[in-house]
Amino acid sequence: MYAKQFLNSVGALAVLALAWGAAPVAAQTVIKADGSSTVFPISEAVAEEFQAQNRDVRVTVGVSGTGGGFRKFCRGETDISNASRPISKSEMEACRKAGFDGTTVVTGPRIGKNGVEYIELPIAFDAITVVVHKDNTWASEMTVAEFKTMWEPAAAGKITNWKQVNPKFPDMPLALFGPGADSGTFEYFTEAMVGKAKASRGDFTASEDDNVLVMGVSRDKGGLGYFGMAYYLENQDKLNAVKIIGKEGQPAVAPSPETVIAGTYQPLSRPIFIYVNALSLQKPEVRKFVEFYLQNASQLAKEVGYVPLPASAYQTALEHVKKGKLGTVFGGVPEIGITIEELLKREAKL
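The sections below set out a description of the structure shown in this document.

Definitions and limits used
Residues numbered from 1 in each chain as written. Predicted model: local features only at pLDDT ≥ 70, side-chain atom pairs only at ≥ 80, totals over all residues. Heavy atoms only, no water. Helix = DSSP H or I, 4+ residues; strand = E, 2+ residues; numbered from the N terminus. Buried < 20%, exposed > 50% of the residue type's maximum accessible area, 1.4 Å probe, protein only. Contact = heavy atoms within 4.5 Å. Areas by Shrake-Rupley, 256 points an atom, 1.4 Å probe, with all protein chains shown as cover. Disulfide = S-S within 2.5 Å. Phe/Tyr/Trp six-rings, centres within 6.5 Å; stacked < 30°, edge-to-face > 60°. Pairing = 2+ DSSP bridges. Right-handed = clockwise from strand over helix to strand, strands pointing away. Salt bridge = Lys/Arg side-chain N within 4 Å of Asp/Glu carboxyl O.

**Quick look at the overall build of the protein chain**
Phase 1: When its secondary structure is counted, the protein chain shows 13 helices and 13 strands.
Phase 2: Across its three principal directions, the C-alpha atoms of the protein chain cover 60 × 45 × 35 Å.
Phase 3: Counting over 350 residues, the protein chain shows a buried share of 55%.
Phase 4: When contacts within the protein chain are restricted to residue pairs at least 6 apart in sequence, those whose partners lie at least 24 apart make up 77%.
Phase 5: With an accessible surface of roughly 14,500 Å², the protein chain has 53% of that area assigned to carbon and sulfur atoms.

**Thoughts on the state of the cysteines**
Phase 1: Inspection of the entire model under this criterion finds one disulfide.
Phase 2: At a sulfur-sulfur separation of 2.0 Å, the disulfide partner of C74 is C95. On the sign convention where negative is left-handed, the bridge of C74 and C95, at about -70° about the S-S bond, is left-handed. Placement of C74 in helix α3 (residues 65-74) and of C95 in helix α4 (residues 89-97) is noted, with a sequence separation of 21 residues between them.

**Side note on the packing of aromatic side chains**
Phase 1: Here the structure, examined in full by the defined rule, presents 16 aromatic pairs.
Phase 2: Ring geometry for Y118 and Y275: centres 5.9 Å apart, planes at 65°, overall edge-to-face. Here Y118, found in strand β5 (residues 118-127), pairs with Y275, found in strand β13 (residues 269-277); they are 157 residues apart in sequence, far enough to count as distant. Exposure class is identical for Y118 and Y275. Each is buried.
Phase 3: Here the aromatic rings of W151 and Y226 are separated by 5.3 Å at their centres, their planes lie at 80°, and the arrangement is edge-to-face. One end of the pair, W151, is in helix α5 (residues 144-151); the other, Y226, is in strand β10 (residues 223-227), and 75 residues separate them in sequence. Neither W151 nor Y226 differs from the other in exposure class; each is buried.
Phase 4: Taken together, the aromatic side chains of F147, W151, F186, F189, F204 and Y226 make up a single cluster linked through ring pairs.

**Structural notes on the pairing of strand β2 (residues 29-35)**
On a regular strand, each side chain points to the face opposite its neighbour's, so the side chains alternate between the two faces of the sheet.
Phase 1: Where β2 meets strand β3 (residues 57-62), five bridges bridge the pair, whose relative direction is parallel. Each residue of the ladder has a partner; that of V30, found in β3, is R58.
Phase 2: Regarding the hand of the β-α-β motif, the stretch spanning β2, helix α2 (residues 40-53) and β3 is right-handed.
Phase 3: With three bridges connecting them, β2 and strand β4 (residues 80-83) associate as parallel partners.

**What to know about the pattern of salt bridges**
Phase 1: All told, the structure shown has 14 salt bridges when counted by the stated rule.
Phase 2: The shortest N-O distance in the salt bridge between E91 and R85 comes to 2.7 Å.

Any functional reading would require information beyond the geometric quantities listed.
Below you can see the structure in the form of structure tokens.
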């Protein structure tokens, strides 16, 4: 129900505002969210459901990538940051310094004396999905080493043909499509496949709009791209998912809820989050929306194509909101291959 309606609506919009009923905009309070295109379908679904029940509230959901979303969040411009990776050390520092001009502290509706403080809330798990054209019959499975050959910086202008990636592949031009540099998916994929976050060749078609990537691969027989699993599931008639061989000698594994839960779809399984500004959470409408989000994330995450967390995870998250548990369990360090079980253990100790 939600996947097609929401994934197609991202388009080229920088900000999507959902307003219900006849109440004038001036009479509505506004909750601002921005960030990851991967998290967007869930947040949009939650926003629509919430607004149907709370017509005096308007929720805007922007799509500027995880990095772009955190920049706005740490400037105090948004209440919620959608993120397809944990907050980084530099972003943590930017949030800490928010409102300090070097001599004085300038506070505001979302910036306190300690800068922008936040609560980290995991909402689901994703499987970054590598896709090829529907008529691609040779790359049903690939190794991490092959992806590195294809995507590493040294490949720019040199690895331009499928046969260069693997001699068994056909002599066909290679066309690559991927998220832009502000994307958390871009950071995670390059860390997992190349060995360093943001270490990537630059000669590929980049877009923060995953629908553009879907269209690019689906129109080019030599195309390959990657994005969140929800966008693949919505476009299975146009694309094939590549099975991943995580380590030499291991079986190839396809992206699916089952392989994510089992922890076998590696290294491209990852948690996705919302970060909530602690000052914003003092507003009744924001708290109500966040609680509604956590109470409905399991159902809506599944509907749009992601893997819900266990019920205990959402209960823990609600407790963190209630108690105002600030900070992150990741310490600003990117991690590859964390499982649902490991995530839950960390969150329980926060």
